[in-house]
Amino acid sequence: MIEPDGFIIHGAPVNSRESLRLRGRDEPCSTFQGGDMSNITPRTMGQQFGRRSWAEPWKIKMVEPLRMIGRPDRERALAEAGYNTFLLRSDDVYIDLLTDSGTSAMSDRQWAGMLLGDEAYAGSRNFYHLEEAVQTYYGYRYLTPTHQGRGAEHLISRALIKPGMYIPGNMYFTTTRLHQELAGGVFVDVIINEAHDPTNMHPFKGNIDLNKLADLIARVGADKIPYVSLAGTVNMAGGQPVSMANVRAVRELCDRHGIRIFLDATRMIENAFFIQEREEGYAATPIAAILKEFCSYTDGAWMSAKKDNLVNIGGWLAVNDSELFDTLRNMVVIYEGLHTYGGMAGRDMEALAIGIAESVEEDHVRSRVGQVRYLGELLTDWDIPIVQPVGGHAIFLDAKRFYPHIPQDQFPAQRLAAELYLDSGIRAMERGIASAGRDPETGDHRYPALELTRLTIPRRVYTQAHMDVVAESVKAIYDARTQTRGLKMTYEPQYLRFFQARFEPL
Ligand code: F0G
């Protein structure tokens, strides 16, 4: 897009105070080497509308009251929950930033779609709408619905992984890796090193390191690698994107060795936004087209529709290979339900089909990422340590720099989430040593480089005023940080321990 004053705006403008942070007031950008962004200064950003501000592309027609319980009640609730925010009752929560999963507000059109549910056991018309939506927007041929993302992860892992195989991926995700391990595989992290550094400003920190992937292929052999597990964006790295150039290069490398690529498409639409914003040649390409091109370099995808796709429950698994599809379609009847509903009600498939079309709308994605950025920039202005650049779905507080005096095995990120709840009733989630779990070989804690507390923003739910309240609360616990001590774990479940573990303060 050529501006009247000759600047090329690379991608949809966001009211981005981050841009000030990245570049300094009117310095040209040197961080994003993708292309024309070098011409953009904070002042030119967003000028195509004649002003820098933006607003949500919707208005509110139904509200749900929120209330904040008093401090003594919060103390009691947190102790009863074993200092684990997953074990709190949502009635005791004020602003809920636990997750962006299943927490979106549906549109009036989606709610209208709920009334068009065809609750037939087999061949529901809503299934065919969903199938068409996935084919249209993601471009894959064959689809099976699942009850949510991990249902699809279970099927693809079981269908393709045999004991002793290796699955390279751009950083682990908790449920994804567990299903790969339960199928007998070993997950191997091949993300670029920059992703493990919360201060590194690389614009595509989700990229796969091609050398790491090539080394693994050379070491174990292509026949021991059922597929590359590629996520866009990368949740555990801070919602960081993968570039189009990277997926293309991964495709080339995999083609040389006959290895498939499956995409975790959970937040791929947010990834497409970052490509439009940062990558050479995509500034004028619609998000929907970027999404489809990216998917075209992969052999299929699993999806937690509870995120990007704007529904409260649901998932899907889509592939291009008809033989593999036959296997999956047969497996889904064992674990999820018949292949035309896979654990979903007809009405939920209808809301999902409509949600897919809404989720690629430019204004929607811009305001979604813009809101996350807004919160990030408030915190950055106060020098509060967060993962940079700010990603698509959440702000990740860097607990190692927040509480440098708390050793990692005393759960600093878990403690940070607990302190935030105590201060203001805001609920966040640990993404550090508790989430990483134990090494199945040695039984020791895994010690991830990133020890983070995630403030996850639901889609279309909270306002900018809520973001201000969140930022002030984070500031309050940051100011009191030197007095804060760690936690000890008093109960540890065997699988995905972070969901149900209990802690006590030290
Ligand atoms: N993949 C990614 C990248 C995810 O973030 C999630 C869920 C899944 C797969 C699994 O999908 O929950 O529908 O079974 N992430 C949620 C979160 C739980 O809070 O980040 P699911």
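Please read all numbers here as calculations on a predicted model, not as lab measurements.

1. Side note on the nonpolar core
(1) Moving on: By size, the foremost hydrophobic cluster in this structure holds 58 residues, and its most contacted members are Y138, L263, F294 and W316.
(2) Moving on: Setting aside chain neighbours within four positions, we find L263 in contact with Y140, L230, G232, M268, F294, C295, T298, G300, A301 and W302.
(3) Moving on: Formed by 32 residues, the second largest nonpolar core is a distinct cluster that contains Y374, A417, Y462 and V474.

2. Notes on helix α17 (residues 464–479)
(1) Moving on: Its 16 residues give α17 an end-to-end C-alpha distance of 23 Å, which sits within 8% of 22 Å, the value for a rise of 1.5 Å per residue.
(2) Moving on: Of all the residues in α17, the buried ones are H466, M467, V470, A471, S473, V474, I477 and Y478. Here the buried residues of α17 occupy an arc of 165° about the axis, which is enough to place them on one side.
(3) Moving on: Turning to α17, the residues buried within the fold contact α13 (362–381), β8 (394–398), α14 (399–402), α15 (412–424) and β10 (452–456).

3. Topic: a nonpolar patch on the surface
(1) Moving on: A cluster of nonpolar side chains, contributed by V333, I334 and Y335, occupies part of the molecular surface with about 270 Å² of accessible area.
(2) Moving on: Assignment of secondary structure puts I334 in helix α11 (residues 322–335).

4. Some details on the sheet that holds strand β9 (residues 429–431)
(1) Moving on: If you walk across this open sheet you meet the three strands as β8-β10-β9, and the pairing is antiparallel. For this open sheet the edge positions go to β8 and β9, each flanked by a neighbour on one side alone. The mean angle between the axes of side-by-side strands here comes to 35°, regardless of whether they run parallel or antiparallel.
(2) Moving on: Sitting on the sheet, α13 is in contact with β8 and β10, with an inclination near 25° to β8.

5. As for the environment of D321
(1) Moving on: Relative to the assigned elements, D321 resides in the loop between β7 (315–319) and α11.
(2) Moving on: Separated by 21 residues in the primary sequence, D321 and G300 place their C-alpha atoms 8.4 Å from one another.
(3) Moving on: The contact partners of D321, leaving out residues within four places of it in the chain, are Y142 and R260.
(4) Moving on: A distance of 2.9 Å separates polar atoms of two side chains, one belonging to D321 and the other to R260.
(5) Moving on: Within polar-contact distance, the side chain of D321 engages the backbone nitrogen of L324 at 3.3 Å.

6. A few points about the pattern of salt bridges
(1) Moving on: With the rule as written, the count across this model stands at 30 salt bridges.
(2) Moving on: Of the charged contacts, one joins D308 and R459 as a salt bridge, the two residues approaching to 3.8 Å between their closest N and O atoms. Taken together, the residues span a long stretch of sequence, with D308 in the loop between β6 (300–304) and β7 and R459 in the loop between β10 and α17 at a distance of 151 residues. Of the two residues, D308 and R459, both sit in the buried class.
(3) Moving on: Between R401 and D398 there is a salt bridge, with the nearest N and O atoms lying 2.6 Å from each other.
(4) Moving on: When its relative accessible area of 37% is taken as the criterion, R401 is described as partly exposed.
(5) Moving on: When salt bridges with common partners are traced through the structure, they connect D100, R267, E270, D308, R368 and R459 into a single cluster.

7. A word on the pairing of β6
(1) Moving on: Across the five residues of β6, five count as buried, placing the element largely inside the fold.
(2) Moving on: Both faces of β6 are covered, namely the face carrying G300, W302 and S304 and the face carrying A301 and M303.
(3) Moving on: In this sheet, β7 lies alongside β6 in antiparallel orientation, the contact comprising five bridges. If you follow M303 over to β7, its bridge partner there is W316.

8. Focus on unusual backbone geometry
Most peptide bonds take the trans configuration, and most residues that are not glycine carry a negative phi.
(1) Moving on: Put simply, G232 and T233 share a cis peptide bond, and its omega is -15°.
(2) Moving on: Tracing the sequence through the fold places T233 in the loop between β4 (227–231) and α8 (244–257).
(3) Moving on: The omega angle of the peptide bond from Q388 to P389 is -15°, so this bond is cis rather than trans.
(4) Moving on: The topology assignment puts P389 in the loop between α13 and β8.
(5) Moving on: We note that M171 has phi near 75°; this positive angle belongs to a residue other than glycine.
(6) Moving on: The exposure class assigned to M171 is buried, which follows from its relative accessible area of 9%.

9. A closer look at the packing of helix α9 (residues 268–278) against helix α10 (residues 287–296)
(1) Moving on: The contact between α9 and α10 brings their axes to 9 Å, and the two run at 110°. By the angle between their axes, α9 is roughly perpendicular relative to α10. Facing M268, I269, N271, A272, F273, I275 and Q276 of α9, the residues of α10 in contact are I287, I290, L291 and F294.
(2) Moving on: For the contact of α9 with α10, the class distribution of residues is nine nonpolar, two polar and no charged.

Here is what the cut-offs are and how they apply
Residues numbered from 1 in each chain as written. Predicted model: local features only at pLDDT ≥ 70, side-chain atom pairs only at ≥ 80, totals over all residues. Heavy atoms only, no water. Core = buried A, V, L, I, M, F, W, Y, C linked by side-chain atoms within 4.5 Å. Buried < 20%, exposed > 50% of the residue type's maximum accessible area, 1.4 Å probe, protein only. Contact = heavy atoms within 4.5 Å. Helix = DSSP H or I, 4+ residues; strand = E, 2+ residues; numbered from the N terminus. Expected span 1.5 Å × (residues − 1). Arc of directions from axis to C-beta. Patch = residues over 30% accessible without salt bridge, like charges linked within 9 Å, V, L, I, M, F, W, Y side chains within 5 Å. Areas by Shrake-Rupley, 256 points an atom, 1.4 Å probe, with all protein chains shown as cover. Salt bridge = Lys/Arg side-chain N within 4 Å of Asp/Glu carboxyl O. Pairing = 2+ DSSP bridges. Axes fitted to C-alpha atoms, helices over the stretch in contact; angles between N-to-C directions. Polar contact = N/O pair within 3.5 Å; in protein donor to acceptor, adjacent residues only side chain to side chain. Parallel < 35°, antiparallel > 145°, perpendicular 65-115°, else oblique. Nonpolar A, V, L, I, M, F, W, Y, C, P; charged D, E, K, R; others polar.

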